Amino acid sequence: LGFCTKLDDIDIKNTRADNISFAENLPNLMWLKAANNQIEDLNALEGCSQMYYLDLGNNQITDEKKKKQLRKAYSMSVVCMGSPSSPSPSMACSP
């Protein structure tokens, strides 16, 4: 996917993906649906300045500081980053 630099919408829900490193080379990425996987690291999203919708619910993300940074950076978007340990879905998604 890293060679498809004009991609703006990716759906990898329920694919057992364990990383999103492909996003490092996708500056035009606006929609990423990656719920229900094994993703832990969010650093690849740092260059995705066009992000509008981000769904990382039910993954293995434990870095609370990174979650807060992403929520703040994408304040105009829907950001879902719940994990199996998050008791409340409403706490995981913010419009």
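Look up: the structure comes first, before these words.
Just so it is clear, the model here is predicted, and its values are computed rather than measured. (Residues numbered from 1 in each chain as written. Predicted model: local features only at pLDDT ≥ 70, side-chain atom pairs only at ≥ 80, totals over all residues. Heavy atoms only, no water.)

A. Representation of the pattern of salt bridges in the model. Going through the model one piece at a time under the given rule, you end up with two salt bridges. Here lysine 33 and aspartate 9 are joined by a salt bridge, their closest N and O atoms 2.6 Å apart. Of this pair, lysine 33 sits in strand β2 (residues 31-33) while aspartate 9 sits in strand β1 (residues 9-11), placing them 24 residues apart in sequence. Overall, the relative accessible area of 40% leaves aspartate 9 in the partly exposed class. (Salt bridge = Lys/Arg side-chain N within 4 Å of Asp/Glu carboxyl O. Helix = DSSP H or I, 4+ residues; strand = E, 2+ residues; numbered from the N terminus. Buried < 20%, exposed > 50% of the residue type's maximum accessible area, 1.4 Å probe, protein only.)

B. Structural detail: the side chain of lysine 33. For lysine 33, a relative accessible area of 15% translates into the label buried. When near neighbours in sequence (up to four residues on either side) are disregarded, lysine 33 contacts Asp9, Ile10, Asp11, Ile12, Lys13, Tyr53 and Asp55. (Contact = heavy atoms within 4.5 Å.)

C. Fine view of the environment of arginine 71. Relative to the assigned elements, arginine 71 resides in helix α1 (residues 64-73). By relative accessible area, arginine 71 is classed as partly exposed at 23%. Between the C-alpha atom of arginine 71 and that of leucine 54, which follows or precedes it by 17 residues, the distance is 9.5 Å.

D. Expanded view of the environment of leucine 70. Residue position: leucine 70 is located in helix α1. Leucine 70 gets classed as buried once you look at its relative accessible area, which sits at 7%.

E. Geometry of the packing of aromatic side chains. Within the structure shown, the criterion is met by two aromatic pairs. Through pairs of rings, three or more aromatic residues link up here, namely Trp31, Tyr52 and Tyr53. (Phe/Tyr/Trp six-rings, centres within 6.5 Å; stacked < 30°, edge-to-face > 60°.)

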